[in-house]
Amino acid sequence: GIAAAIAHSIRAAHVGRVPAKMRIASGNAPELARNRSGALVDGRLLELTFRSLVGDELGSLAIFAAHPTILGAQNHALSGDWPGAVMRSRPGTALFMQGAVGEQSVNGAATGSPAAYAQAVVKRLDFLGARGPELAEVALETASATVALPRPELGQSLKLGRLTDNAMALWAPE
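Here the structure is a predicted model, which is why all the values come from computation and not from measurement.

Trainee: Tell me about unusual backbone geometry, residues and numbers included.
Mentor: Positive phi, close to 50°, is recorded for aspartate 81, a residue that is not glycine. Tracing the chain through its elements places aspartate 81 in helix H2 (residues 81–89). According to the relative accessible area criterion, aspartate 81 is buried, its value standing at 6%.

Trainee: Residues and numbers for the pattern of salt bridges, please.
Mentor: Close approach of charged atoms lets side chains of opposite charge pair. Overall, the coordinates contain six salt bridges when judged by the stated rule. Measuring nitrogen to oxygen at the nearest pair gives 3.8 Å for the salt bridge that ties glutamate 103 to arginine 36. Of this pair, glutamate 103 sits in the loop between strand E5 (93–98) and strand E6 (104–106) while arginine 36 sits in the loop between strand E2 (33–35) and strand E3 (44–52), placing them 67 residues apart in sequence. With relative accessibility at 40%, the residue glutamate 103 sits in the partly exposed group. Aspartate 126 is the partner of arginine 90 in a salt bridge, and the nearest nitrogen-oxygen pair spans 2.9 Å. Of the two residues, arginine 90 sits in the loop between H2 and E5 while aspartate 126 sits in helix H3 (residues 114–131), which places them 36 residues apart along the sequence. Accessibility expressed as a relative area gives 42% for aspartate 126, which makes it partly exposed.

Trainee: Account for the packing of aromatic side chains, naming residues and giving values.
Mentor: Inspection of every chain in the model, using the stated rule, returns three aromatic pairs. For the ring pair tryptophan 82 and tyrosine 117, a centre distance of 5.0 Å and an interplane angle of 75° mean the geometry is edge-to-face. With tryptophan 82 in helix H2 and tyrosine 117 in helix H3, the pair connects residues that are 35 residues apart, well separated along the chain. Taken as a pair, tryptophan 82 and tyrosine 117 share a single burial class, namely buried.

Trainee: Describe the nonpolar core, listing the residues and the values that go with them.
Mentor: Counting 20 residues, the largest nonpolar core has Leu45, Phe64, Ala66, Trp82, Val86, Tyr117 and Val121 as the members making the most contacts within it. Contributions of two or more residues to this core are made by strand E4 (57–64), H2 and H3. Ignoring any residue separated from it by four or fewer positions in sequence, one finds alanine 66 in contact with Ala33, Trp82, Gln98, Val101, Gln104, Ser105, Val106 and Tyr117.

Trainee: Describe a nonpolar patch on the surface, naming the residues involved and giving the relevant values.
Mentor: A surface patch of nonpolar side chains, amounting to about 340 Å² of accessible area, comprises Ile2, Ile6 and Ile10. Within the secondary structure layout, isoleucine 10 lies in helix H1 (residues 2–15).

Rules used throughout
Residues numbered from 1 in each chain as written. Predicted model: local features only at pLDDT ≥ 70, side-chain atom pairs only at ≥ 80, totals over all residues. Heavy atoms only, no water. Helix = DSSP H or I, 4+ residues; strand = E, 2+ residues; numbered from the N terminus. Buried < 20%, exposed > 50% of the residue type's maximum accessible area, 1.4 Å probe, protein only. Salt bridge = Lys/Arg side-chain N within 4 Å of Asp/Glu carboxyl O. Phe/Tyr/Trp six-rings, centres within 6.5 Å; stacked < 30°, edge-to-face > 60°. Core = buried A, V, L, I, M, F, W, Y, C linked by side-chain atoms within 4.5 Å. Contact = heavy atoms within 4.5 Å. Patch = residues over 30% accessible without salt bridge, like charges linked within 9 Å, V, L, I, M, F, W, Y side chains within 5 Å. Areas by Shrake-Rupley, 256 points an atom, 1.4 Å probe, with all protein chains shown as cover.

Shape descriptors only; they carry no functional weight alone.
Below, the structure is given as structure tokens:
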């Protein structure tokens, strides 16, 4: 099923690790979003792209805050809306995350279709990426551990805390 496919993908990515360079595309695209409540627009746009040292496209991670609602409530088909179109347009493995969308929707002349809006977002990402810094070799690491957790009691609250500078943990208070 889906869980097995996800686990397989994670294992394959771990085995296929190679030294990489990362490019950062960061800027603002407030014209691509509108705040439905009339508040300020969060137009921050970010993409991290990863290439092997020989130039092979490995993947990317992009973040932008605009609800994927171009297809509307009448659409009952499974769809990635405009973020799906952005991911399909990127080389390698692409992941798109919604920023803090709140009351933000898509905006601009390209909102007629997910593909057109995605093209506007990709155009801006490519513009920013061409000017973004490329960091030399970036050490990206993975780690795994199998941990047996106690069964939580219904109604028990959990706490989130920091273990180290880059690790978080969830636990039940005693």
